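# Descriptive analysis of the structure
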Amino acid sequence: MFGKKKGSTKIDSLIGHGTTMTGDVQFAGGLRVDGVIIGNVSMADAKNGTLVISEKARIEGKVQCSHLILNGEIRGPIEVSQYVELQAKSRIIGDLAYKTLEMHPGAIIEGRLVHVQNGQREEVAVADVPRTEAKPE
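Rules of the game
Residues numbered from 1 in each chain as written. Predicted model: local features only at pLDDT ≥ 70, side-chain atom pairs only at ≥ 80, totals over all residues. Heavy atoms only, no water. Helix = DSSP H or I, 4+ residues; strand = E, 2+ residues; numbered from the N terminus. Buried < 20%, exposed > 50% of the residue type's maximum accessible area, 1.4 Å probe, protein only. Contact = heavy atoms within 4.5 Å. Areas by Shrake-Rupley, 256 points an atom, 1.4 Å probe, with all protein chains shown as cover. Pairing = 2+ DSSP bridges. Axes fitted to C-alpha atoms, helices over the stretch in contact; angles between N-to-C directions. pLDDT = per-residue confidence, 0-100. Core = buried A, V, L, I, M, F, W, Y, C linked by side-chain atoms within 4.5 Å. Salt bridge = Lys/Arg side-chain N within 4 Å of Asp/Glu carboxyl O.

## What about the overall build of the protein?
Each helix and strand in the protein was counted, giving zero helices and 17 strands. When each of the 137 residues of the protein is scored for burial, the buried share is 39%. Expressed as a percentage of contacts within the protein between residues at least 6 apart in sequence, the contacts between residues at least 24 apart total 10%. In the structure as shown, the protein presents an accessible area of about 8,200 Å², 49% of it carried by carbon and sulfur atoms.

Put into structure tokens, the structure is as follows:
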């Protein structure tokens, strides 16, 4: 699941399924969330903070990390300094600032995409794509 481009292969902390945390969370190394966090989530080390959000997990607040692998839901602005992987069941309600983005079919973003390269922010314009319906055979 983790390659070199996706950050640390080590998960140092886990917020388990069925757990709800209220308040800001600051983590070091790798954090996997299977539960719910109501508050901001940020990395302690400005260069290394891998955040993994599982399918049924949710964060309601601002997120800052170096690497993000998302398959759950984040409601709030997100700043990722390196790499983002949005898996098929991921949902973002808020703006996403990123350096490198991988987006799987089925992932949803309700907000702006902002590409950050060498400290420069550039909003990515996404054209409206007409939806087509499958024709019955």
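Once you've had a look at it, read on.
## Examining the sheet that holds strand S8 (residues 58-60)
Within the open sheet, the six strands sit side by side as S2-S5-S8-S10-S12-S15. Their pairing is parallel. Two strands bound the open sheet, and with one partner strand each, they are strand S2 (20-22) and strand S15 (108-110). On average, each strand axis in the sheet is inclined to that of its neighbour by 5°, with strand direction left out of account. Across three bridges, the pairing between S8 and strand S10 (residues 73-75) is parallel. Residue pairing for S10: isoleucine 59 is matched across the bridge by isoleucine 74.

## Some remarks on the pairing of strand S7 (residues 49-53)
For S7, the tally of buried residues reaches five of five residues, placing the bulk of the element in the interior. Burial along S7 is two-sided: the face carrying Gly49, Leu51 and Ile53 and the face carrying Thr50 and Val52 are both buried. Where S7 meets strand S9 (residues 63-70), four bridges bridge the pair, whose relative direction is parallel. Counted as the bridge partner of isoleucine 53 is leucine 70 from S9.

## A word on the confidence of the model for the protein
For residues with low pLDDT, the predicted coordinates do not support detailed interpretation. Here the protein averages 86 in pLDDT, while 83% of its residues score no lower than 70. With pLDDT under 50 throughout, residues 1-8 is counted as low confidence; its partners more than four residues away or in other chains account for 23 contacts. Low pLDDT, under 50, characterises residues 127-135; the predicted model gives this stretch zero contacts beyond four residues in sequence or across chains.

## Some details on the nonpolar core
Core analysis: the biggest nonpolar cluster contains 26 residues, and Val41, Leu51, Ile53, Leu68 and Leu96 have the highest contact counts within it. Going through the elements one at a time, strand S3 (25-27), strand S4 (29-33), strand S6 (41-43), S7, S9, strand S11 (78-86) and strand S13 (96-98) are the ones with two or more residues in this core. If near-sequence neighbours (up to four positions away) are discounted, isoleucine 53 is found in contact with Val33, Ile59, Leu68, Ile69, Leu70, Asn71, Gly72, Glu73 and Ile74.

## Here we look at the pattern of salt bridges
This structure, assessed with the given rule, holds eight salt bridges. Ionic pairing is found between arginine 58 and glutamate 60, a salt bridge with its closest N-O pair at 2.7 Å. On the basis of relative accessibility, which here comes to 29%, the residue glutamate 60 falls in the partly exposed class.

## Quick notes on the environment of isoleucine 78
For isoleucine 78, the position within the fold is in strand S11. Residues isoleucine 78 and asparagine 40, spaced 38 residues apart in sequence, show a C-alpha to C-alpha distance of 10.0 Å. Sequence-distant contacts of isoleucine 78, that is, excluding residues within four places in its chain, are made with Val63, Leu68, Ile92, Asp95, Leu96 and Ala97.

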